[in-house]
Amino acid sequence: MSNKPVPVPDSETTPFWEAAAQGVLKVQRCTGCGEHVFYPRVVCPSCLSDDLQWVSVSGRATVHAVTVVHRAAAPFKEDLPYAVALVDLAEGPRMMTQILTDAPEKLAIGDAVEVEFRRQGEGPPLPFFRPV
Amino acid sequence: MGRNFRDAVAITGAAESEVGILPHRTEMQLHAQAAKRALEDAGIPLSEVDGVLSIGSSHGTRMPSVQVAEYLGICPSYSDSTSLGGCSFEAYVQHAALAIDAGLCNTCLITYGSTQRSGGAGFGGGTDPWLPFSQFEAPWGLPMMTGAYALAASRYMHLYGTTREQLAEIAVAARAWARLNPDAPRHEPLTVEDVLAAPMIATPLGKLDCCLVTDGGGAVVVTRADRARDARKAPVWLWGSAETHTHSSIANMPDLTVTPAARTGPAAFASAGLRPQDMDLAMIYDSFTITALMTLEDLGFCGKGEGGDFVSHGRIAPDGEFPMNTQGGGLSYTHPGMYGIFLLVEAVRQIRGEAGERQVPVNLALVHGTGGALSAGSTLILGKEPRR
Ligand SMILES: [Zn+2]
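Predicted, not measured: the structure shown is a model, and the values here were computed from it. (Residues numbered from 1 in each chain as written. Chains lettered and ligands numbered in written order. Predicted model: local features only at pLDDT ≥ 70, side-chain atom pairs only at ≥ 80, totals over all residues. Heavy atoms only, no water.)

Turning to the overall build of chain B, a few remarks are in order. Each helix and strand in chain B was counted, giving 13 helices and eleven strands. Restricting to contacts in chain B with at least 6 residues of sequence separation, those with at least 24 account for 77%. Total accessible area computed for chain B in this model is approximately 13,300 Å², and 52% of it derives from carbon and sulfur atoms. Each charge class in chain B can be summarised by its mean position, and for the 28 positive and 39 negative side chains these summaries are 3 Å apart. (Helix = DSSP H or I, 4+ residues; strand = E, 2+ residues; numbered from the N terminus. Contact = heavy atoms within 4.5 Å. Areas by Shrake-Rupley, 256 points an atom, 1.4 Å probe, with all protein chains shown as cover. Lys, Arg positive; Asp, Glu negative; His and termini not counted. Charge placed at Lys NZ, Arg CZ, Asp CG, Glu CD.)

In structure tokens, the structure reads:
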């Protein structure tokens, strides 16, 4: 039984986690200015429009920054070492994720990755990424 | 330059509480101990305090300025618990100057207390499930706060070719300064090799790239300029100040290699009518080696990407040409969660000539605090003489 923190969807984020349960990565897109928005919000941080639509994205991304974790809190110790990254989605938004790989030290900034949903504990499937 | 609100005030008192590992202390005791010491340092009675600016690092300290004021018996006319994390106290000096200049109060007491090491209080972000952090970051197991700074460091080193050896120079210099500070916990020398050999936490940051984790508190007294001239010790004058924040979570930092200092540095220098090369001392937040490195660049002490060269060859160590973090910094002196109050205390001591064996000649000092995940920044420029 894992004690890793799990997302608890709320009225703003439920569409994200419902899509994740179907294996689809969705973010918001602002009808007012066209920007993709992540994390989910009730107003657009570029233009303050409240007309935000949920859209599917490609799931392709590029590693923007990456760290290989060697010391972690108790629930994550079993996974050490593992790579946590910030990835830039092809559509624009940046998100934090874990990269699934047997060789975390070989990951480099600029590497192409793609989403792979996986369950971790009791919560909804999480958007991990994997090198392409 | 014309008069501005900063000319209305001076710092007249500065002190630390006990610092170190303090399982017998509560957070409030450390606020109060530091407040008493700072007011005695200023020679100003408690009855004159009519502004209270306080924050603590535990989740239990709700309404911190209200709790501190009650504990000390103060009913202030100005109250402030703005949370900018570790740089709250630099921002409080600016807020105190604004409030005093506006006539809201005459003497402000700025305090901090933390038992984050011994008290087991959570630090590094809330846990409410609706927070973006809880849903989109906590599940990934990034060790906070080290992991956030490691991500920034990875990007910075990728772009500029800076090495772990160069980052280590900052920890080595901090230890060399700490060896001159009788209150620092560790006096054994440290080498670049030692820093590189320390256990890795999150690449590229090893254990000795990270600050100490301690308990402790501090306090600073800011008062009206005419009152400051009558206080027990020579006033320390506020030449320049600025504050900002650019994001909360590291995933939302606009540029992982540009810190809030890129905004507050130029603004603070402009307000003071000074340039980086005018500074005799730099007190730079060093929660991690990378924090200090990027901050030095963004404040304009060297060009972007040049920080690694800048901190090498003993430049920032004792007897170097750039005195920095002279009490040993967060890396080798103390770091009880929000370290910015300790930057201020050391700058005041250096300007007054009270720094003992580690004393350097200082007319003008820059103090830069950092809060959160490189989220917030506040810069102060302090002087021995009033601003002309
Ligand atoms: Zn918009």
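Text resumes after the structure shown.
Check the secondary structure of chain A and you find one helix and eight strands. Secondary structure elements of chain A occur, N-terminal to C-terminal, as α-β-β-β-β-β-β-β-β. In terms of C-alpha radius of gyration, chain A reaches 15 Å, essentially the compact-globule figure of 14 Å for 132 residues. In terms of its C-alpha atoms, chain A occupies a principal-axis envelope of roughly 45 × 35 × 25 Å. The buried share of chain A, reckoned over its 132 residues, is 45%. At a minimum sequence separation of 6, the contacts of chain A that also span at least 24 residues come to 48%. Carbon and sulfur atoms make up 46% of the accessible area of chain A, which amounts to about 6,400 Å² in all. Charged side chains of chain A number 12 positive and 16 negative; the gap between the two group centres comes to 5 Å. (Rg over C-alpha atoms; globule rule 2.2 N^0.38 Å. Buried < 20%, exposed > 50% of the residue type's maximum accessible area, 1.4 Å probe, protein only.)

Our focus in this paragraph is the interface of chain B and chain A. Quite often, the size of an interface is put as the accessible area lost when its parts meet. Chain B puts 29 residues into the contact, and the matching count from chain A is 34 residues. Buried surface at the junction of chain B and chain A, both sides included, amounts to about 2,700 Å², of which 65% is carbon and sulfur. It is B:Gln135, B:Phe136 and B:Trp140 that lose the most area in chain B upon contact with chain A, and together they represent 29% of the buried surface on that side. Counting residues per element, the ones that place at least two in the side of chain B that touches chain A are helix H4 (132–136), helix H5 (146–160) and strand E5 (200–202) of chain B. The element best represented in the side of chain B that touches chain A is H5(B), accounting for six residues. Taken together, the residues that form the side of chain B that touches chain A break down as 20 nonpolar, seven polar and two charged. (Buried area = accessible area lost by both parts, 1.4 Å probe. Nonpolar A, V, L, I, M, F, W, Y, C, P; charged D, E, K, R; others polar.)

Moving on, we get to the nonpolar core. A:Val87, A:Ile99, A:Phe129, B:Ile250, B:Ile290, B:Phe301 and B:Ile381 are the most contacted members of the largest nonpolar core, which has 96 residues in total. The element that contributes the greatest number of residues to this core is H5(B), accounting for eight residues. For B:Ile250, the residues in contact, after removing those within four places along its chain, are A:Leu86, A:Met96, B:Ala148, B:Leu151, B:Ala152, B:Leu256 and B:Ala373. Membership of the second largest hydrophobic core comes to 44 residues, among which are B:Tyr92, B:Ala96, B:Ile341 and B:Leu382. (Core = buried A, V, L, I, M, F, W, Y, C linked by side-chain atoms within 4.5 Å.)

Right, let's get into the coordination of the zinc ion. Residue and element names in this part refer to chain A. Distances from the zinc ion to its protein donors, namely Cys30 (SG), Cys33 (SG), Cys44 (SG) and Cys47 (SG), fall within the range 2.3 to 2.4 Å. Here the zinc ion binds four donor atoms, and the angle range of 97 to 118 degrees at the metal identifies the geometry as tetrahedral. Sequence positions of the donors to the zinc ion reduce to the motif C-x2-C-x10-C-x2-C. Residue Cys33 is found in the loop between strand E1 (26–30) and strand E2 (36–37), and its partner Cys47 is found in the loop between E2 and strand E3 (52–56); the two are separated by 14 residues along the sequence. Residue classification places Cys47 among the partly exposed positions, given a relative accessible area of 35%. (Donors = N, O, S within 2.8 Å, 3.2 Å for Na, K, Ca; no water. Tetrahedral: all angles 85-135°; square planar, octahedral: opposite > 155°, others 65-115°.)

The next subject is the domain arrangement of chain B. Residue and element names in this part refer to chain B. Domain boundaries assigned for chain B yield domain 1 (5–119 + 214–235) and domain 2 (144–209 + 240–383). Just the C-alpha atoms count here: the centres of domain 1 and domain 2 sit 23 Å apart. Facing the 37 residues of domain 1 at the interface are 33 residues of domain 2. Interface of domain 1 and domain 2: buried area, both sides summed, is about 2,700 Å²; carbon and sulfur atoms make up 61% of it. The tally of links between domain 1 and domain 2 comes to three salt bridges. Ionic pairing is found between Asp41 and Arg352, a salt bridge with its closest N-O pair at 2.7 Å. Among the elements of the structure, strand E1 (9–20), strand E2 (51–56), helix H3 (88–101), strand E4 (107–114) and strand E7 (215–224) are those that each provide at least two residues to the side of domain 1 that touches domain 2. Sorting elements by how many residues they give to the side of domain 1 that touches domain 2 places E1 first, with eight residues. (Domains from an automatic or database assignment. Salt bridge = Lys/Arg side-chain N within 4 Å of Asp/Glu carboxyl O.)

Attention now moves to the packing of H5(B) against helix H10 (residues 289–298) of chain B. Residue and element names in this part refer to chain B. Axis separation between H5 and H10 bottoms out at 10 Å; the angle between their running directions is 55 degrees. The angle between H5 and H10 places the two elements in the oblique class. For the crossing formed where H5 meets H10, the hand is left-handed. From H5, Tyr149, Ala152, Ala153 and Tyr156 reach across to H10, where they touch Ile290, Thr291, Leu293, Met294 and Glu297. Partitioning the contact of H5 with H10 into residue classes produces seven nonpolar, one polar and one charged. (Axes fitted to C-alpha atoms, helices over the stretch in contact; angles between N-to-C directions. Parallel < 35°, antiparallel > 145°, perpendicular 65-115°, else oblique. Left-handed = near helix turned anticlockwise from the far one by under 90°.)

On to unusual backbone geometry. Most peptide bonds take the trans configuration, and most residues that are not glycine carry a negative phi. Of note, the amide linkage connecting A:Leu80 to A:Pro81 takes the cis form, showing an omega dihedral of -10 degrees. Along the chain, the position of A:Pro81 falls in the loop between strand E4 (60–69) and strand E5 (82–89). Here the amide bond leading from B:Met144 into B:Met145 is cis, since omega sits at 0 degrees, within 30 degrees of zero. Along the chain, B:Met145 turns up in the loop between H4 and H5. Positive phi outside glycine occurs at A:Leu48, with the angle close to 70 degrees.

To continue, consider a nonpolar patch on the surface. On the surface, a cluster of nonpolar side chains totalling about 280 Å² of accessible area is made up of A:Val42, A:Val43 and A:Leu48. With respect to the secondary-structure elements, A:Leu48 resides in the loop between E2 and E3. (Patch = residues over 30% accessible without salt bridge, like charges linked within 9 Å, V, L, I, M, F, W, Y side chains within 5 Å.)

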